[in-house]
Every structure is written in C-alpha cells, then in structure tokens.
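Residues per chain, in single letters:
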Amino acid sequence: MTNGEPGVLELGLPDPVRDPELPARVRIHEVGPRDGLQNEAALVPVEVKAEFIARLAAAGLDTVEATSFVHPKWVPQLADAEELMPRLAGLTERHPGLRLPVLVPNERGLDRALAHHAGEVAVFASATETFARRNLNRSADEAMEMFRPVVERAGEAGLPVRGYLSMCFGDPWEGRVPAEQVVRHGVRLLEMGCAELSLGDTIGVATPGQVTALLAAFTAAGVPVGQLAVHFHDTYGQALANTLAALRAGVTVVDASAGGLGGCPYAKSATGNLATEDLVWMLHGLGIETGVDLPALAATSGWMAGQLGRPSPSRTLRALLGTSGPSA
C-alpha cells in the first residue's frame, strides 16, 4: 500500500475470470525447501528450514517437498535432512492432508527416509545422457536401473513415489531433446511404479508449443495426463506461459518454488524455478482453486528472502510487499 491506496488484494484483485476449458483446481507441488534451497552457497540453518516449511503449510500449500536424502558431499545444503525431519513432527496433524515428500537418489537414501518415517518419496532421472552422467555419475539407462529397487521397495512399504525427469525440453550440452526420447524415459519411470511423473524444463528453454507437443506425445503413448506434472524454470520468462499451455492440455499438478528460489548445482544455466506467488496470482485470476492464502504465502516468501539477505525474483511478491528488497 502506498499513499493511502488500498492493496490490490483488498480491492478484490486479481479479478477471477473462469475458463471452462481449464481445470477447476490445481495442486501446487511446492519445491522451495528442497529444490529452492539446494543451490544456496551459504548454509541455511535447520531451524530456518523447519519454520519455512511450517509457514508454507500454514499458507495452505498441501504438498511441500521437505528435503533430500542425498549424500552430503553432493548437496551440502541438504546434509541436515536427519536433523530436519524430527522438527516437522506434528505438522501433518496440524494440517490434515499435508504431504511432505522427500527426494531419495538410491537405496541408501531410501533407507534413511524410511528411518525418519517419510510418507512419500521421489526419484530424479534424466532424459539426456550428458546430464545423467554429470548429475548421477552414470548413464541414463544405468540410473533407471538404480531407481528400480528404490521404487519397488518404496511401494512395498506403502510409500507413493514421484518420478522427476529433468532436461525434458532442452539440454545445455546436447541442445534439442527429441520428444520420443523424453517419452521413452518417462514411461520407464511410470512402468516401474512411479505414481506421478514431473516433466522438468531444467534450464528454462521451453516454449508453449513445445509443452503442448510433448504432452500430446505422452498421451499418444498411452500415458494419462492425470499422471503428469510440470516443473518449469523461468530463465527466459516463459514459465507462466508454459504452465498455461500445460493446463489447457489437462495437467492439474504444477511444481513451483516460494519466492522463485532455486536452480540446479549441476547445470549453471538453470536459474530460478517458477515462483509460487506468480503461479497463484495467475491461477486465482483464472478462477482456479489452489487452497493457497496468497497474503500468507507472500509474507512467508518475504520472510525467507530476509533470511537469505536478498530480494526475491518473484514479480508478484515484490508487488504485494511493495518493496524490491527482502523482508525481516
């Protein structure tokens, strides 16, 4: 609010205009605490991470990816997973329906997740050879075989498994990624037991036509659109346009990161994720339900920006807070 003007949310903006061809509700898969923070150079204290997750849950986000049980050598920022998980005890009781998935890279990671009573897990594969070798230190096919026992054992333990597939729209070393190549790897993850497949635009090069074409290729391969989620980075400012294309194709699960946090430690051209605030502003403007309290979410992301000591790239967050800097 400036010069006595009421805030836009107080004025009933954005004005919701419903499009009957779009989903009535979208589930936001919040990745800020894991994907958003994993590339931070300065270690974020575990108590800050726990409060961040608690605030996101209180803002109405019902799926918050908490952490990753990866070896500390590879992602030092997430080395505190064992310390973080007990601090989240009770959150699911306070927020019925809250899901707190964790990423596991292999069977050892699954063992650690099970020891800390994780409710669901995710595995992270690549659609390209180069990124698989740089990120997972093995070929794409070898990585798939590494994930197979993880998915099988998680299923036996009653844990739903999400499959992430990175570099679905372009690779910084290989360039174009053929749709049939992405579909082949994605179908393998689903066939081994993943309940949901998130298609990642890891370096943010996708455009709406490409999104539409890839989703059509999965449909042609017999994959129900209800099993697909999208994960866009906003490197070239296309994340919201790409999301709208995905919604028009029937996708109802969208990954986003509070405040636009994120990147990838193994692909320097991967900048921040789609900001959850920007996504919620668009969805609410389209009359699509999310269950998210936008003012509470903005306050949470502003607080986190203050913890990190830098402004958020989210335009919606900056506009709502009326500042270009972090909040205390």
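Refer to the structure above for everything that follows.
All values derive from a computational prediction rather than experimental measurement.

Details of the overall build of the chain
Secondary structure assignment for the chain yields 13 helices and nine strands. Its C-alpha atoms give the chain a radius of gyration of 19 Å, within 12% of the compact-globule value 20 Å for 328 residues. Here the C-alpha coordinates of the chain stretch approximately 60 × 45 × 35 Å along the principal axes. Counting only contacts in the chain whose residues sit at least 6 apart along the sequence, the fraction spanning at least 24 positions is 75%. Carbon and sulfur atoms make up 53% of the accessible area of the chain, which amounts to about 13,400 Å² in all. For the chain, the centre of its 26 positive side-chain charges and the centre of its 37 negative side-chain charges are spaced 4 Å apart.

Here we look at the pairing of strand 6 (residues 161-166)
Regular strands place their side chains on alternate faces of the sheet. Here strand 6 lies mainly inside the structure; six of its six residues are buried. Here strand 6 shows no split at all, with Val161, Gly163 and Leu165 on one side and Arg162, Tyr164 and Ser166 on the other all buried. Judged from the six bridges that link them, strand 5 (residues 121-126) and strand 6 form a sheet pairing that is parallel. Bridge pairing links Val123 to Gly163 in strand 6. Relative to strand 7 (residues 196-201), strand 6 runs parallel, the two sharing four bridges. Note on strand 7: the bridge partner recorded for Tyr164 is Ser198. As a crossover connection, the stretch from strand 6 through helix 8 (residues 179-191) into strand 7 is right-handed.

Thoughts on the side chain of Gln38
Within the secondary structure layout, Gln38 lies in the loop between helix 1 (32-36) and helix 2 (46-58). A relative accessible area of 12% means that Gln38 is categorised as buried. Within polar-contact distance, the side chain of Gln38 engages the side chain of Asp35 at 3.1 Å.

Structural notes on the environment of Leu189
With respect to the secondary-structure elements, Leu189 resides in helix 8. Through-space distance from the C-alpha of Leu189 to that of Tyr164 is 8.7 Å; in sequence the pair is 25 residues apart. If sequence neighbours within four positions are ignored, Leu189 has contacts with Val123, Ala125, Met144, Gly163, Tyr164, Leu165, Cys194 and Leu197.

Observations regarding the pattern of salt bridges
Counted by the stated rule, this structure contains 18 salt bridges. The shortest N-O distance in the salt bridge between Arg188 and Asp141 comes to 2.6 Å. Separated by 47 residues along the polypeptide, Arg188 in helix 8 and Asp141 in helix 7 (residues 140-156) bring together distant segments of the chain. Residues participating in the shared-partner salt-bridge network are Arg27, Arg162, Glu196 and Asp255.

With respect to the packing of helix 6 (residues 129-136) against helix 7
The geometry of helix 6 relative to helix 7 is characterised by a closest axis approach of 8 Å and an angle of 55° between their N-to-C directions. If you check the angle between helix 6 and helix 7, you find them oblique. Residues Glu129, Ala132 and Leu136 of helix 6 lie in contact with helix 7, whose contacting residues are Ala140, Asp141, Ala143 and Phe147.

Reading the values: rules and limits
- Residues numbered from 1 in each chain as written.
- Predicted model: local features only at pLDDT ≥ 70, side-chain atom pairs only at ≥ 80, totals over all residues.
- Heavy atoms only, no water.
- Helix = DSSP H or I, 4+ residues; strand = E, 2+ residues; numbered from the N terminus.
- Rg over C-alpha atoms; globule rule 2.2 N^0.38 Å.
- Contact = heavy atoms within 4.5 Å.
- Areas by Shrake-Rupley, 256 points an atom, 1.4 Å probe, with all protein chains shown as cover.
- Lys, Arg positive; Asp, Glu negative; His and termini not counted.
- Charge placed at Lys NZ, Arg CZ, Asp CG, Glu CD.
- Buried < 20%, exposed > 50% of the residue type's maximum accessible area, 1.4 Å probe, protein only.
- Pairing = 2+ DSSP bridges.
- Right-handed = clockwise from strand over helix to strand, strands pointing away.
- Polar contact = N/O pair within 3.5 Å; in protein donor to acceptor, adjacent residues only side chain to side chain.
- Salt bridge = Lys/Arg side-chain N within 4 Å of Asp/Glu carboxyl O.
- Axes fitted to C-alpha atoms, helices over the stretch in contact; angles between N-to-C directions.
- Parallel < 35°, antiparallel > 145°, perpendicular 65-115°, else oblique.

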